[in-house]
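# Summary of structural features
Residues per chain are reported as follows:
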Amino acid sequence: MEFHVYENARAACEAAGVLIAAQITRKGDSVLGLATGSTPIPAYEMLTQWYDRGVIDFDRVRTFNLDEYVGIDHKNPLSYHAFMQEHLFSKVNLRPENVHLPSGNGAADAEAYDKAIHDAGGIDIQLLGIGRNGHIGFNEPADDFTYGTHVVTLTADTIEANARFFKSADEVPRQAVSMGIGNIMAAKCVVLVATGENKAKAVRDTIRGPITPRVPASVLQ
Ligand code: PGA
């Protein structure tokens, strides 16, 4: 595990964008693991600019997102489908058949998602943010690490953290579907970006604390 500290949030996230761009340059049909949230936005802006300038080409790139809310229409602007359309998919030449997000419609869908990742040859580079409770994807603090894609019940802390995007905390979906810790660990490279003071404790626990499902990101040690 390597650590890099940057002057500000934008620089930290753009550094992750550089790694993704390098991956696409090295291997045109790379499989990207993508994340939503405030943290990755500068990376998507940077990738979009480089696409516009002809530096990178998404024609053969495949993508798998970490997670999505359950019970929210994909057209709803607060869905992660809509987030990805807005920040990346509508701006670059990714083929619609090459982009994937998990769906919360039961165990068969979750298994199909894991199989699709496997059939694509696995994730080459996985981008992650981190929750202030140490979650990665929507793998919330728990008694055990999960392996594959699964439906999760969001913790009160995550609902509160994500309420800023909704009219109120009451409107935040209570469940989500997320890649499991096993899916994330199977990626050939994982890049976690953490910015902001409210993530400091989660970062410390991730790097210096025990490896425990109570701090899901600690598994990256
Ligand atoms: P954020 O979310 O980037 O909006 O802080 C990260 C996360 O919850 O994983």
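This text follows the structure it describes.
Okay, so let's go over this structure. Fair warning: this is a prediction, and the values are worked out from it, not measured in the lab.

Sheet architecture is open: three strands sit in the order E3-E7-E6, paired in antiparallel fashion. In this open sheet, the two strands that pair with only one neighbour each are strand E3 (67-69) and strand E6 (150-153). For this sheet the average axis-to-axis angle between neighbouring strands, irrespective of direction, equals 25°. One ladder, built from four bridges, connects E6 with strand E7 (residues 175-178); its direction is antiparallel. Counted as the bridge partner of Val-152 is Ala-176 from E7.

What follows concerns the site of the ligand. Surrounding the ligand, one finds Gly-37, Ser-38, Thr-39, Gly-129, Ile-130, Gly-131, His-135, Arg-164 and Lys-199. Between the ligand and Ser-38 there is a distance of 2.9 Å, counted from an oxygen atom to a backbone nitrogen or oxygen. Separating an oxygen atom of the ligand from a side-chain N or O atom of Arg-164 is a distance of 2.9 Å. With the chains in place, 83% of the 280 Å² that the ligand exposes on its own is no longer accessible.

Analysis parameters
- Residues numbered from 1 in each chain as written.
- Predicted model: local features only at pLDDT ≥ 70, side-chain atom pairs only at ≥ 80, totals over all residues.
- Heavy atoms only, no water.
- Pairing = 2+ DSSP bridges.
- Helix = DSSP H or I, 4+ residues; strand = E, 2+ residues; numbered from the N terminus.
- Axes fitted to C-alpha atoms, helices over the stretch in contact; angles between N-to-C directions.
- Near = heavy atom within 4 Å.
- Polar contact = N/O pair within 3.5 Å; in protein donor to acceptor, adjacent residues only side chain to side chain.
- Areas by Shrake-Rupley, 256 points an atom, 1.4 Å probe, with all protein chains shown as cover.

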